[in-house]
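Single-letter residue listing:
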Amino acid sequence: MMMSKQLLLTYFYLLVYIVLSSGVILYNKWVLSPKYFNFPLPITLTMIHMGFSGLVAFFLIRVFKVVSPVKMTLEIYATCVIPISAFFAASLWFGNTAYLFISVAFIQMLKALMPVATFVMAVICGTDKLRCDVFLNMFLVSIGVVISSYGEIHFNIVGTVYQVTGIFAEALRLVLTQVLLQKKGLTLNPITSLYYIAPCSFVFLFIPWYLLEKPEMEVSQIQFNFWIFFSNALCALALNFSIFLVIGRTGAVTIRVAGVLKDWILIALSTLIFPESTITTLNITGYAIALCGVMMYNYLKIKDVRASQLPVDTVIDRTAKELKMEKKSSDLYLPDDNANLGGNSTNNGSSDPTVDEEAPFIPSTRISHLGRSNLSS
């Protein structure tokens, strides 16, 4: 009974993640689109998100002491946080700007290029090797996206370039996070990430805002509704926390399947909410081909993660067996506590990683590993 409750809670977190992720994208499109709320200032909207998130993180860490800040040195901040924040700001800026030119459905189809961009950046940065099987998957994804783009009725080259540039900026941010932060041994949870990265991203966004959008705000009569922007920023903040909850309670397979399901739901919803988002048969065919490549890529990455864990499990099993043999061949008395410790080690070590990937409970020692695997692949 207790297990079923935990399973229901896991599915509830997945549902919250899908709803919030889809809601934030649709909300941003509605706010930015000239046909609806008509706030065509994507940099300003992104700065509102960053400012609000940084402020909430400051109060949670410094005032309410919900979590403790990490040991951040000037060297780590300058060499890690600043470059990561720069590419994070760029990915949000370009991604939000794309809403002004192309439909939500087509944006989601272009996002199928994310594994391709991440793989390319990882190979360039030396964190991944050029493999034939992965390369073929990336080629399949690219072919699917090209077909989907060819079938787009309202194709816009400016919006497409903005979106693809944002995807590559996000891919480089993920690779830099892996290279810089993880090698420094620095682990940031969602609150501490926002605490350090959001203010720095705000500063980076201020430069293009001052040059591109500030003059337009002085000339045009832009409507500003406090509750609209407050609720929009709150949804974006809640999405960050929901991602952390989902990573903490599910495996890599579940998160990737949920992401694919979310994309299909979002494409369907966008055509209902925004009538101009017309989907053609060629769109769907190309996107389906791209998703096949994405799923195959996800399978390979998860397979690599499991393979990297098997040697550790084998070592633990071997050690446990040696301890058991030593105990049988010895007349020495072992305290019950030590015997229990040995038993626990055996159970944990011999557990099937395949089962553990799908289980609603994930040992705390593997939560961060699965999280990094998802976000960096």
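Shown above is the structure to which this text applies.
Keep in mind that this is a model prediction, so the values were computed, not measured. (Residues numbered from 1 in each chain as written. Predicted model: local features only at pLDDT ≥ 70, side-chain atom pairs only at ≥ 80, totals over all residues. Heavy atoms only, no water.)

Turning our attention to the overall build of the protein chain. Counting secondary structure elements, the protein chain contains 14 helices and zero strands. Seen in sequence order, the protein chain has helices and strands lined up from the N terminus as α-α-α-α-α-α-α-α-α-α-α-α-α-α. For the protein chain, the residues scored as buried account for 45% of the 377 residues in total. Here the analysis covers contacts within the protein chain between residues at least 6 apart in sequence; of these, 87% occur between residues at least 24 apart. With the model as given, the accessible surface of the protein chain reaches about 19,700 Å², and the carbon-plus-sulfur share is 69%. (Helix = DSSP H or I, 4+ residues; strand = E, 2+ residues; numbered from the N terminus. Buried < 20%, exposed > 50% of the residue type's maximum accessible area, 1.4 Å probe, protein only. Contact = heavy atoms within 4.5 Å. Areas by Shrake-Rupley, 256 points an atom, 1.4 Å probe, with all protein chains shown as cover.)

Right, let's get into the packing of aromatic side chains. Taken as a whole and assessed by the stated rule, the structure comprises 20 aromatic pairs. Geometrically, the ring pair formed by F37 and F229 is edge-to-face, given 5.9 Å between the ring centres and 75 degrees between the ring planes. Of the two residues, F37 is situated in the loop between α1 (2-32) and α2 (42-63) and F229 in helix α9 (residues 226-249); the sequence distance between them amounts to 192 residues. Side by side, F37 and F229 carry an identical accessibility label, which is buried. In this structure an aromatic cluster arises from ring pairing among Y27, W30, F37, F39, F224 and F229. (Phe/Tyr/Trp six-rings, centres within 6.5 Å; stacked < 30°, edge-to-face > 60°.)

You can see F106 is positioned in helix α4 (residues 104-110). In this structure the C-alpha to C-alpha distance between F106 and S149, which are 43 residues apart in sequence, comes to 7.7 Å. Each residue touching F106, except ones within four places of it in the same chain, is listed here: S148, S149, E152, F155 and T160.

As for its placement among the helices and strands, S22 is situated in helix α1. Among the polar contacts made by the side chain of S22, one reaches the main-chain carbonyl oxygen of I18 at a distance of 2.9 Å. (Polar contact = N/O pair within 3.5 Å; in protein donor to acceptor, adjacent residues only side chain to side chain.)

Here helix α8 (residues 190-219) is 30 residues long, yet its end C-alpha atoms lie only 38 Å apart, well below the 44 Å a rise of 1.5 Å per residue gives. The sharpest bend along α8 comes to roughly 55 degrees, located at W209. Its side-chain oxygen 2.9 Å from the backbone nitrogen of I191, N189 forms the N-cap of α8. (Expected span 1.5 Å × (residues − 1). Bend = angle between axes of the 7 residues up to and from the residue.)

With that settled, consider the pattern of salt bridges. Tallied over the full model, the rule gives seven salt bridges. A salt bridge links R173 to E170, with the nearest nitrogen and oxygen atoms 2.7 Å apart. Highlighted residues: R173 and E170, both in helix α7 (residues 157-181), separated by three residues, approximately one helical turn. Between D263 and K262 there is a salt bridge; the shortest N-O distance is 3.3 Å. Take K262: its relative accessible area is 10%, and that puts it in the buried class. A network of salt bridges, in which partner residues are shared, links R131, D133 and D304. (Salt bridge = Lys/Arg side-chain N within 4 Å of Asp/Glu carboxyl O.)

Here the phi dihedral of N38 falls at roughly 60 degrees; this positive angle occurs in a residue that is not glycine. Positioned with a positive phi, K65 is a non-glycine residue whose angle comes to about 55 degrees. One can find K65 in the loop between α2 and α3 (74-98).

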